[in-house]
Amino acid sequence: MGESSSSVSIDVERISFGGKEHHIQTSHGPVSVAVFGDLEKPALVTYPDVALNHMSCFQGLFFCPEASSLLLHNFCIYHISPPGHELGAAPISSDVPVLSVDQLADQVAETLDYFGLGSVMCLGVTAGAYILTHFATKYRERVLGLMLVSPLCKAPSWTEWFYNKVISNLLYFYGMCGLIKECLLQRYFSREVRGSSLVPESDIVQACRSLLDERQSTNVWRFLQSINVRHDLTESLKKLQCRTLIFVGENSPFHSEALHMATNLDRRYSALVEVQACGSVVTEEQPHAMLIPMEYFLMGYGLYRPCQMSCSPRSPLSPSCISPELLSPESMGVKLKPIKTRVSLQV
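For clarity, every value in this text was computed on a predicted model and none was experimentally measured.

### Examining the pattern of salt bridges
All told, the structure shown has ten salt bridges when counted by the stated rule. Salt-bridge contacts for Glu257 lead to Arg230; the nearest nitrogen and oxygen are separated by 3.9 Å. Taken together, the residues span a long stretch of sequence, with Glu257 in helix H12 (residues 255-264) and Arg230 in the loop between helix H10 (217-228) and helix H11 (234-237) at a distance of 27 residues. Judged by its relative accessible area of 8%, Glu257 is buried. Glu295 serves as the salt-bridge partner of Arg305, at 3.1 Å between the closest nitrogen and oxygen.

### Concerning the confidence of the model for the chain
Confidence in the prediction for the chain averages 86 pLDDT; 83% of positions are at 70 or higher. Ignoring residues within four places in sequence, the model shows residues 308-334, a span with pLDDT below 50, making 43 contacts including any to other chains.

### Some details on H12
When H12 is considered as a whole, its buried residues turn out to be His255, Glu257, Ala258, Met261, Ala262 and Asn264. Along its buried surface, H12 packs onto helix H5 (127-138), strand E7 (143-149), H11, strand E8 (243-249) and strand E9 (270-275).

### Looking at unusual backbone geometry
Phi is positive for Ser150, which is not a glycine, with a value near 45°. Examined against the element boundaries, Ser150 turns out to sit in the loop between E7 and helix H6 (158-174). By relative accessible area, Ser150 is classed as buried at 0%. Positive phi values are uncommon outside glycine, yet Ala277 reaches one of about 50°. Considering the arrangement of structural elements, one finds Ala277 in the loop between E9 and helix H13 (282-285). Among the residues examined, Ala277 registers a relative accessible area of 32% and is labelled partly exposed.

### Let's talk about a nonpolar patch on the surface
Where nonpolar side chains cluster on the molecular surface, the patch consists of Trp158, Trp161, Phe162 and Val166 and spans about 490 Å² of accessible area. When you line up the elements, Trp158 lands in helix H6.

### Notes on the packing of aromatic side chains
All chains considered together, the criterion is met by nine aromatic pairs. Geometrically, the ring pair formed by Tyr172 and Phe173 is edge-to-face, given 5.2 Å between the ring centres and 80° between the ring planes. On the basis of an interplanar angle of 50° and a centroid distance of 5.6 Å, the ring pair of Tyr172 and Trp221 is categorised as tilted. With Tyr172 in helix H6 and Trp221 in helix H10, this pair connects stretches of sequence that are 49 residues apart. Take Tyr172: its relative accessible area is 56%, and that puts it in the exposed class. A connected cluster of aromatic rings, assembled from ring pairs, spans Tyr78, Tyr114 and Phe115. Taking NZ or CZ as reference, Arg230 lies 6.0 Å from the ring centre of Tyr130, over its face.

### Considerations on the side chain of Arg142
Counting through the fold element by element, Arg142 comes out in the loop between H5 and E7. In this structure the side chain of Arg142 is engaged in a polar contact, spanning 2.6 Å, whose partner is the backbone oxygen of Leu117.

### Quick look at the pairing of E8
With seven of seven residues buried, E8 lies mostly within the body of the structure. Here E8 shows no split at all, with Arg243, Leu245, Phe247 and Gly249 on one side and Thr244, Ile246 and Val248 on the other all buried. Two strands pair when backbone bridges link them, and E7 and E8 are joined in this way by five bridges, in the parallel orientation. Residue pairing in the sheet places Met147 in a bridge with Leu245 of E8. The parallel pair E8 and E9, bridged by H12, forms a crossover whose chirality is right-handed.

Rules and cut-offs
Residues numbered from 1 in each chain as written. Predicted model: local features only at pLDDT ≥ 70, side-chain atom pairs only at ≥ 80, totals over all residues. Heavy atoms only, no water. Salt bridge = Lys/Arg side-chain N within 4 Å of Asp/Glu carboxyl O. Helix = DSSP H or I, 4+ residues; strand = E, 2+ residues; numbered from the N terminus. Buried < 20%, exposed > 50% of the residue type's maximum accessible area, 1.4 Å probe, protein only. pLDDT = per-residue confidence, 0-100. Contact = heavy atoms within 4.5 Å. Patch = residues over 30% accessible without salt bridge, like charges linked within 9 Å, V, L, I, M, F, W, Y side chains within 5 Å. Areas by Shrake-Rupley, 256 points an atom, 1.4 Å probe, with all protein chains shown as cover. Phe/Tyr/Trp six-rings, centres within 6.5 Å; stacked < 30°, edge-to-face > 60°. Lys NZ or Arg CZ within 6 Å of the ring centre and 35° of its normal. Polar contact = N/O pair within 3.5 Å; in protein donor to acceptor, adjacent residues only side chain to side chain. Pairing = 2+ DSSP bridges. Right-handed = clockwise from strand over helix to strand, strands pointing away.

Okay, here's the thing in structure tokens:
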């Protein structure tokens, strides 16, 4: 069982997009955390994919009125950014060693220590899902549940390793160039939203492309280096003491990785949701497909959406707006397996 260091301090606090952004110094270097919601509520910790932060990875989900109602009603949100991925980040000095995935997981633990948090719910996307899963296997008593989107679980295949190595070299020598952005957008989104010569790319892809321009290529390179030497978590999955909900887009490059993870979890306490016509970052491309599975998953912890809320016509969770038959998982483009629970959330 891992143990976190208590030597954390806060350097800067500032208000950012309705939340407070904290820059915390950990034993493995600084980390940025954007906090939204009531600090007295249970904690939901998020961690994004490579080259993303909470604005480009979770904004679509939290901008859904029903998701906002479900999550902010029950949780205080702690958006952890990979080192140097926060808005306005400066390049990390080349003299600073690249962190291992173990150190990134320890950094999450030290962040929780700073805020005085015990057990938390976790939501991660692809590389971020790997970091939070590794954190959950290393600090099992600190994780109540995992919600993972297109997660990585195994060590990189030779194909992935080589592909990431090529991207790393391009990042190192050419920065966040057009080719790198295209490679990352293919990692995140399905062809349907990326567009073609005949069909313009969607608003979410345009927004992500714009946000990628703000990333420091050196910092993205460092996180990609860490993920490209990750180790296999398969043997550790059976030791998890929490329930797990996995989402994966059927067009995600990491679809097989998510299926592998799902088959190696205890099936009594895990569920897999496959989202049709979607890439890896389901939180941005099809966040509405996550709402019903998340609601049922959180019901196992005694957490519900508030009864009184304004109804959104595009909401899959507003029965007064749409007919009951449209509430089936099939109509939402998902394949959902039953979920059971063995832990309770203290609120």
